[in-house]
Amino acid sequence: MNIIEKMKKEVRMIFAIVNFISFFLPWVAVSATSSTSFLGEVFSGTNTASITGFGLMEYSMIGVLLYIIPIVLFAIPLVKSTREISKYLYLILPIAAIILMFLVSVLAASGGGNYSSDVVNIQLSVRRLIGFWIAGLCNLGVIVLTAIRDFHIKSKDDLKRSMRNVEREIKKKKK
């Protein structure tokens, strides 16, 4: 029950769980279109394969790091020794995850591009799918919540009120 109570207080844990679940969804679709001509006839075809978040781990160590980040984000409130640095971890890890997401999706199609010869023409394209965007939104949500909660990003009205309070304190000290 303790973990559930912490999850109620810490919404970023829920974002980490949803981010982890997104690894089961398709992240990237790789399409290869090929055409060839033989004896004046043109033959063409398209093959598409989708790769899940777990499948991206096969391409590089970056995929494994990307998989570990939501686990660490979930564990931060559970580990007492991370309390002092938690706001920095909640900011740095999702930013790193977003960068790694784009990097690993590009690596998945790194063998791609266009290939042409006299016999065959192959064109490779990559699309980012639902799992990729869910993970990106979860990481962005963690960044926004951290900016609001831990770094106290305020509205202009809040800043004006706090400046007035500072001015009053200064006037009191001068008297």
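Structure first, text after, so check above.
A short tour of the structure in this document, coming up. Nothing here was measured: the structure is a model prediction, and the numbers come from that model.

W27, L56, L66, I69, L73 and M101 are the most contacted members of the largest nonpolar core, which totals 21 residues. At the level of elements, β1 (26–38), α3 (61–75), α4 (86–108) and α5 (130–149) are the ones that each hand at least two residues to this core.

Here we take up the packing of aromatic side chains. Each pair of aromatic rings is reported with the distance of its centres and the angle of its planes. This model, assessed by the stated rule, comprises 11 aromatic pairs. Residues F23 and F54 carry aromatic rings whose centres are separated by 5.8 Å and whose planes lie at 45° to one another, so their mutual orientation is tilted. Highlighted residues: F23 in the loop between α2 (11–21) and β1 and F54 in the loop between β2 (41–52) and α3, separated in sequence by 31 residues. Residue classification places F23 among the buried residues on the basis of a relative accessible area of 1%. Where W27 meets F132, the ring centres are 5.9 Å apart and the plane angle is 90°; that geometry is what we call edge-to-face. Linking W27 in strand β1 with F132 in helix α5, this pair joins segments that are 105 residues apart in sequence. F132 shares its class with W27; the two are buried. Among the aromatic residues, ring-to-ring pairing joins F20, F23, F24, W27, F54, Y67, F102, F132 and W133 into one connected group. Over the face of the ring belonging to Y90 we find R12, whose NZ or CZ atom lies 3.9 Å from the ring centre.

Definitions and limits used
- Residues numbered from 1 in each chain as written.
- Predicted model: local features only at pLDDT ≥ 70, side-chain atom pairs only at ≥ 80, totals over all residues.
- Heavy atoms only, no water.
- Core = buried A, V, L, I, M, F, W, Y, C linked by side-chain atoms within 4.5 Å.
- Buried < 20%, exposed > 50% of the residue type's maximum accessible area, 1.4 Å probe, protein only.
- Helix = DSSP H or I, 4+ residues; strand = E, 2+ residues; numbered from the N terminus.
- Phe/Tyr/Trp six-rings, centres within 6.5 Å; stacked < 30°, edge-to-face > 60°.
- Lys NZ or Arg CZ within 6 Å of the ring centre and 35° of its normal.

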